Amino acid sequence: MHYYRYSNAKVSCWYKYLLFSYNIIFWLAGVVFLGVGLWAWSEKGVLSDLTKVTRMHGIDPVVLVLMVGVVMFTLGFAGCVGALRENICLLNFFCGTIVLIFFLELAVAVLAFLFQDWVRDRFREFFESNIKSYRDDIDLQNLIDSLQKANQCCGAYGPEDWDLNVYFNCSGASYSREKCGVPFSCCVPDPAQKVVNTQCGYDVRIQLKSKWDESIFTKGCIQALESWLPRNIYIVAGIFIAISLLQIFGIFLARTLISDIEAVKAGHHF
C-alpha cells in the first residue's frame with residue numbers, strides 16, 4: 001500500500017483535519033463497542049469457549065455490539081490514517097464503504113416499506129426463535145425483557161407464544177416452576193411495589209384468558225411496534241435523515257480531500 005506526501009503539498013488543512021476529527025469519533029466509539037462486547041463475552045466465558053455462541057438457537061446481542069464495533073473501528077481507523085497520511089487508498093476505502101452502507105440503509109428502508117408483510121413474518125420468526133433461547137443467554141434475556149417492558153407487550157403475538165420456551169411451556173411433560181407462566185417483564189407494573197417481583201408471571205396462564213389482562217400485558221410485541229411506529233414516524237424519519245446527513249458529510253469531506261491530493265500529485269509530477 002502506497003501513500004503520497006510532498007514537501008510542497010497544498011492539500012487543504014481544513015478538510016484534512018476536519019475529516020480526521022470526524023473519524024476519530026467513529027474510531028473511539030468503535031473501541032468502546034469492542035471493549036464492551038469483549039468484556040461481556042469474558043463475563044459469560046465465551047472467550048474461553050467460542051462454541052457457546054453457536055449453541056444458542058437465538059441471537060447473542062453481544063455479537064451485534066461486536067459487529068458494530070468492528071465496522072466503526074475499521075472505518076474510523078481508515079479515515080483517520082487516510083486523512084493524516086494523505087493516503088488515497090484508505091480514503092477511497094472509507095468513502096466507498098460509507099457509500100455502500102448508505103445505499104444498504106436506503107434499500108432496507110424501501111424494501112421494509114414495500115414488503116411489510118414479509119418483514120412482519122421475518123420479525124415474528126426472529127422473536128420466536130429468541131423466545132426459545134430466553135434462558136440460554138443473560139444478554140438475550142435482558143434484551144427481550146427491555147423490549148417487553150418498554151412496549152408493554154408479551155410474546156410475538158401474545159402471551160401464549162411463551163409455550164415455545166421449554167421453561168414456560170404449559171404441556172404436562174414440563175416440571176418447571178415457571179410452567180404456564182410468563183417472564184416478569186410481561187407483568188402489569190404495580191405502582192405500589194418498589195421492588196420488582198420477578199415471580200409475578202408464575203402460573204398466570206393457568207387462569208381464564210379473560211383475567212389475563214388484570215396481571216399481564218396481552219398485546220403481542222409485533223402489534224405494539226406496529227402501533228408505535230405511526231406515532232413516532234417523525235422521530236424515526238429525523239434519526240434516519242440525521243444519520244444520512246452525517247454519512248453524506250463524511251463522503252463529501254473524503255472526496256474533496258482525495259481531489260486535493262490528486263491535484264497536488266498531478267502538479268508535482270508536472
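Residues numbered from 1 in each chain as written. Predicted model: local features only at pLDDT ≥ 70, side-chain atom pairs only at ≥ 80, totals over all residues. Heavy atoms only, no water.

Let's shift gears to the packing of helix α3 (residues 61-85) against helix α4 (residues 88-114). Packed helices, taken two at a time, are described by the angle their axes make and the gap between the axes. Between α3 and α4, the least distance of the axes is 8 Å, while the angle of their chain directions is 140 degrees. Judged by the inter-axis angle, α3 sits oblique to α4. In this structure, the crossing between α3 and α4 has a hand that is left-handed. Along the contact surface, α3 presents Val-71, Thr-74, Leu-75, Ala-78, Gly-79, Val-81, Gly-82 and Ala-83, while α4 presents Leu-90, Leu-91, Phe-93, Phe-94, Thr-97, Ile-98 and Ile-101. Across the contact of α3 with α4, the residue classes break down as 11 nonpolar, four polar and no charged. (Axes fitted to C-alpha atoms, helices over the stretch in contact; angles between N-to-C directions. Helix = DSSP H or I, 4+ residues; strand = E, 2+ residues; numbered from the N terminus. Parallel < 35°, antiparallel > 145°, perpendicular 65-115°, else oblique. Left-handed = near helix turned anticlockwise from the far one by under 90°. Contact = heavy atoms within 4.5 Å. Nonpolar A, V, L, I, M, F, W, Y, C, P; charged D, E, K, R; others polar.)

With that settled, the discussion passes to the UniProt feature "transmembrane region" (unreviewed entry) in the protein. In this structure's numbering, the residues bearing the UniProt feature "transmembrane region" (unreviewed entry) are residues 20-41, 62-84, 90-115 and 233-254. In residues 90-115, the share of helix is 96% and the share of strand is 0%. The end C-alpha atoms are 37 Å apart. Helix makes up 100% of residues 233-254 and strand 0%. Its end C-alpha atoms lie 32 Å apart. (UniProt positions renumbered as here; feature names shortened; annotations may be inferred.)

Attention now moves to the pattern of salt bridges. Evaluated as defined, the whole model comprises nine salt bridges. The salt bridge partner of Arg-120 is Glu-226, with a shortest N-O separation of 2.2 Å. Separated by 106 residues along the polypeptide, Arg-120 in helix α5 (residues 116-132) and Glu-226 in helix α7 (residues 221-231) bring together distant segments of the chain. Judged by relative accessible area, which is 37%, Glu-226 ranks as partly exposed. (Salt bridge = Lys/Arg side-chain N within 4 Å of Asp/Glu carboxyl O. Buried < 20%, exposed > 50% of the residue type's maximum accessible area, 1.4 Å probe, protein only.)

When you line up the elements, Glu-214 lands in the loop between α6 (138-151) and α7. You can call Glu-214 exposed: its relative accessible area is 62%.

A separate point is the nonpolar core. Of all hydrophobic cores here, the largest spans 20 residues; its most connected members are Phe-127, Ile-144, Cys-154, Trp-162, Val-182 and Ile-216. At three residues, the largest contribution of residues to this core is made by α7. Setting aside residues no more than four positions away along its own chain, Ile-144 makes contact with Phe-127, Asn-130, Ile-131, Tyr-134 and Trp-162. In terms of nonpolar packing, the next biggest core, distinct from the first, is built from 15 residues, Ala-83, Ile-88, Ile-251 and Leu-257 among them. (Core = buried A, V, L, I, M, F, W, Y, C linked by side-chain atoms within 4.5 Å.)

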